[in-house]
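What follows is each chain in one-letter form.
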Amino acid sequence: MTDREAMFRGPAEIYDRFVGRYSPHLARAMCDAAEVQSGQRALDVGCGSGALVVALAEVLGAENVTGADPSEPFVEATRAKVPGARVVVASAESLPFADDEFDATLSQLVVNFLADPEQGLREIGRVTRPGGVVAGCVWDYSGEMTMLRSFWDAAAALDPEGSSPLMEAHTMRFAHPDELGDLWRSTGLAEVDVSPLEVEASYDDFEDLWAPFPTGVGPAGAYAANLDPEPQALLHDEYARRLGQPDGPFTLSARAWCAVGRVGD
């Protein structure tokens with residue numbers, strides 16, 4: 001199992017309190033960007049804990065929605081949220097579906113975590129019918145994904161050498177709109193457009209935001225979890241300082257880049 005896979009092996013409810021807190025809003029925005037419409041059959045590749053499957057089922061009906069994810073805990077969580085959907089354990093690079101099976105295939109915050117993104121996109125194109133839509137999004141890691149950017153700014157201020165190897169703005173291949181669009185075009189998708197999706201999440205207080213980090217979920221969580229108690233406490237305080245020391249409810253905004261293309265004839 002790769003290190004990146006290990007970051008998402010834990011309970012789905014921990015992910016839902018972490019980046020997954022933004023997922024329901026982002027899922028609805030993804031459905032709008034992909035112009036998902038009643039009567040279609042849709043696939044969510046890398047469905048995680050199920051936010052996009054939920055959103056797709058609201059538009060299409062659960063019986064017309066399929067999800068796939070390599071993590072069994074996430075697949076189980078998605079099945080529990082949308083019992084009528086078909087949800088399978090599978091990687092993007094080897095999808096167990098027939099050619100041209102879906103009208104729309106979406107992937108939310110997935111491509112940066114694939115072992116072979118090009119192969120994953122080719123598989124997505126294979127299972128999507130000619131003329132069908134393929135959509136995927138990534139966080140604007142170095143810009144307006146406030147939760148992660150502020151965390152890594154705090155980590156870099158305290159530990160520039162130790163934090164850099166895990167910082168998404170440095171390590172993710174597809175962190176900017178041009179890179180994401182090039183990936184879509186490189187796998188033969190046509191009519192490619194990349195646009196921003198703006199979402200937000202609410203927190204009861206700073207501890208509500210901080211609590212998932214020491215559990216090790218995602219690159220930021222993995223970094224926080226591996227710190228000794230004293231540097232972890234310093235990171236906690238610096239992160240809070242950079243967010244204005246919130247002592248009650250607050251909201252953070254986040255921007256993702258979304259690529260939408262179509263399978264050629």
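Thresholds applied
Residues numbered from 1 in each chain as written. Predicted model: local features only at pLDDT ≥ 70, side-chain atom pairs only at ≥ 80, totals over all residues. Heavy atoms only, no water. Core = buried A, V, L, I, M, F, W, Y, C linked by side-chain atoms within 4.5 Å. Buried < 20%, exposed > 50% of the residue type's maximum accessible area, 1.4 Å probe, protein only. Helix = DSSP H or I, 4+ residues; strand = E, 2+ residues; numbered from the N terminus. Contact = heavy atoms within 4.5 Å.

Engineer: Would you explain the nonpolar core in this entry?
Structural biologist: Most often, soluble globular proteins have nonpolar side chains that are buried together. By size, the foremost hydrophobic cluster in this structure holds 68 residues, and its most contacted members are Y22, W139, M147, F151, L209, F213 and Y239. At seven residues, helix α4 (residues 51–60) tops the list of elements feeding residues into this core. Apart from the residues lying within four places of it in its own chain, the contact partners of W139 are V19, Y22, L26, L109, M145, L148, A175, V199, A254, R255 and A256. Counting 25 residues, the second largest nonpolar core, distinct from the first, contains L43, A92, L189 and V192.

Engineer: Explanation requested: the environment of A220 in the structure shown.
Structural biologist: Examined against the element boundaries, A220 turns out to sit in helix α12 (residues 218–225). The class of A220 is buried, set by a relative accessible area of 0%. Taking the C-alpha atoms as reference points, A220 and L43, separated by 177 residues in sequence, lie 28 Å from one another. With near-sequence residues (within four places) excluded, A220 lies in contact with F18, L148, F151, W152, E168 and F213.

Engineer: Explain helix α3 (residues 23–33) here, please?
Structural biologist: Along α3, the residues that are buried comprise S23, L26, A27, A29, M30 and C31. In the stretch just after α3, E35 is the one whose phi turns positive, near 55 degrees.

Engineer: When you look at the side chain of E101 in this model, what are you seeing that I'm missing?
Structural biologist: Position of E101 among the secondary structure elements: in the loop between β3 (86–89) and β4 (102–108). Residues within four places of E101 in sequence aside, it is in contact with R41, R86 and V127.

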